[in-house]
Amino acid sequence: VETHVGQGVEDVVVYGHSPCKYTKFRARTAIDQSTRDSQLCESRDRLELYSVALDSQCETVWSDVGRFNVLFEMKRLLADPTISPIAAQGRLKVHGWFYESGENQLEVFDPMNRAFMRQQLKLPDSITVKFAPHETLDPAEEADIFPAEY
């Protein structure tokens, strides 16, 4: 991302979807690594969520994990020393999207509501839709949106 931001990129979308095999792989890996290495820098909330999800076969739980991961990666992106000042100046907007594939439904993170909001447009199976949300995450409001432990 850092490479492209200097070339005029103004919007970055952190995207997640359900079902996501990588999310399940990432959860197993994080739990295994935290068991072996107590110094690992995974947040306790993230590990607890992964642990609950791994014990569940419920796709709703895994969708929640996917949304959580989108927010986690947005926060990580905004903390990057190259990205942070550019976003703070308003030259880069970071958006969070989650696609609920079982319902063909796109959800966009709305920082004002602190939630993923379903879009009015329901996506057909075979069409590409251009979508540009007007809301973006302001780095100055990051502390209000993300708890400190994330």
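The model shown is predicted, which means the values in this text are computed figures rather than measured ones.

A short note on the nonpolar core
Nonpolar side chains tend to gather and get buried jointly when the protein is soluble and globular.
Link 1 in the chain: Of all hydrophobic cores here, the largest spans 15 residues; its most connected members are Val14, Val70, Met74, Leu77, Leu92, Val94 and Phe116.
Link 2 in the chain: Among the elements of the structure, strand E1 (11–18), helix H4 (59–79), helix H5 (83–88) and strand E2 (93–100) are those that each provide at least two residues to this core.
Link 3 in the chain: In terms of residue count, H4 provides more of this core than any other element does, 5 residues in total.
Link 4 in the chain: Core analysis: the second largest hydrophobic core is formed by 7 residues, Ala27, Tyr50, Trp62 and Val65 among them.

Side note on unusual backbone geometry
Link 1 in the chain: The omega torsion across Ser18 and Pro19 is -15°, close enough to zero to call that bond cis.
Link 2 in the chain: With phi around 55°, Arg114 is a residue other than glycine that occupies positive phi space.
Link 3 in the chain: Relative to the assigned elements, Arg114 resides in the loop between strand E3 (105–110) and strand E4 (115–122).

What counts, and where the lines are drawn
Residues numbered from 1 in each chain as written. Predicted model: local features only at pLDDT ≥ 70, side-chain atom pairs only at ≥ 80, totals over all residues. Heavy atoms only, no water. Core = buried A, V, L, I, M, F, W, Y, C linked by side-chain atoms within 4.5 Å. Buried < 20%, exposed > 50% of the residue type's maximum accessible area, 1.4 Å probe, protein only. Helix = DSSP H or I, 4+ residues; strand = E, 2+ residues; numbered from the N terminus.

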